Amino acid sequence: FNSNLDFKYFNRNYQWLDRHCADLWSNLSFVELSENPPEGIVAGPISEENFFEWESLITGPEGTPFEDGVFVANLSFPSDYPLSPPTMKFVSDLFHPNIYPDGRVCISILHPPGDDPTGYESSSERWSPVQSIEKILISVVSMLAEPNDESPANVDAAKMYRQDRTKFNEIARKSVRKSLGL
């Protein structure tokens, strides 16, 4: 660069391009999900003006205590998506080992790319730009069916899941009724 001014101009335009590429990527993901949605999942942008904020409806997996529930979650995409993962947060109340009490989802596919500082996850389990929104949502359905209580986001839910499955299932079924407005 010839001057500091050239660098500022480049940086400002690069940020604009970066944001628009992420917007295009999110838009393409929406088209894919609209044309062939996975069973029990509906997702898309909350508004046409902002493709970085999505809402999803996830049906509780069959044969689990979450069966028949319809759970609302929001996905927020960073400006450098797909290089960085989105965040996902349930709006519906869910008591689950891999969902923080505030609704944030904690699964490997949503963790930043690279090596896990704690050494628990392999880098292949974590986010990479080739992952899709559909894969995230399917992974969350799998997480609902098979909680990982070894690395919990909600320690109380993990402890109850291990030690008192009957009570855990009762709480899960209450969340199903609440999700249906019953």
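Remember, predicted model here, so these are calculated numbers, not experimental data.

Caption draft 1: Examining the pairing of strand β3 (residues 70-76) more closely. Taking every second residue as pointing to the same face, the buried face of β3 carries Phe 71, Ala 73 and Leu 75, while none of Val 70, Val 72, Asn 74 and Ser 76 on the other face is buried. The pairing of β3 with strand β4 (residues 87-90) spans four bridges and is antiparallel. Within the sheet, the bridge partner assigned to Asn 74 lies in β4 and is Lys 89.

Caption draft 2: Highlighting the pairing of strand β1 (residues 41-47). As defined by bridge partners, β1 adjoins strand β2 (residues 50-59) across six bridges and the pair is classed as antiparallel. Each residue of the ladder has a partner; that of Ala 43, found in β2, is Ser 56. A loop of two residues connects β1 with β2, the two strands running antiparallel in sequence.

Caption draft 3: The packing of aromatic side chains, seen in detail. Following the criterion strictly, the structure yields seven aromatic pairs and no others. Each ring, one from Phe 66 and one from Phe 71, has its centre 6.2 Å from the other, and the planes form 80 degrees; the classification is edge-to-face. Assigned by exposure class, Phe 66 and Phe 71 land together as buried. Joined through ring pairs, the aromatic side chains of Phe 66, Phe 71, Phe 95, Tyr 161 and Phe 168 make up one cluster. Here the guanidinium or amino end of Arg 104 rests over the ring plane of Tyr 100, the centre of that ring lying 4.2 Å away. Geometry around Tyr 161 places Arg 165 over its ring, the cationic atom sitting 3.6 Å from the centre.

Cut-offs and rules
- Residues numbered from 1 in each chain as written.
- Predicted model: local features only at pLDDT ≥ 70, side-chain atom pairs only at ≥ 80, totals over all residues.
- Heavy atoms only, no water.
- Buried < 20%, exposed > 50% of the residue type's maximum accessible area, 1.4 Å probe, protein only.
- Helix = DSSP H or I, 4+ residues; strand = E, 2+ residues; numbered from the N terminus.
- Pairing = 2+ DSSP bridges.
- Phe/Tyr/Trp six-rings, centres within 6.5 Å; stacked < 30°, edge-to-face > 60°.
- Lys NZ or Arg CZ within 6 Å of the ring centre and 35° of its normal.

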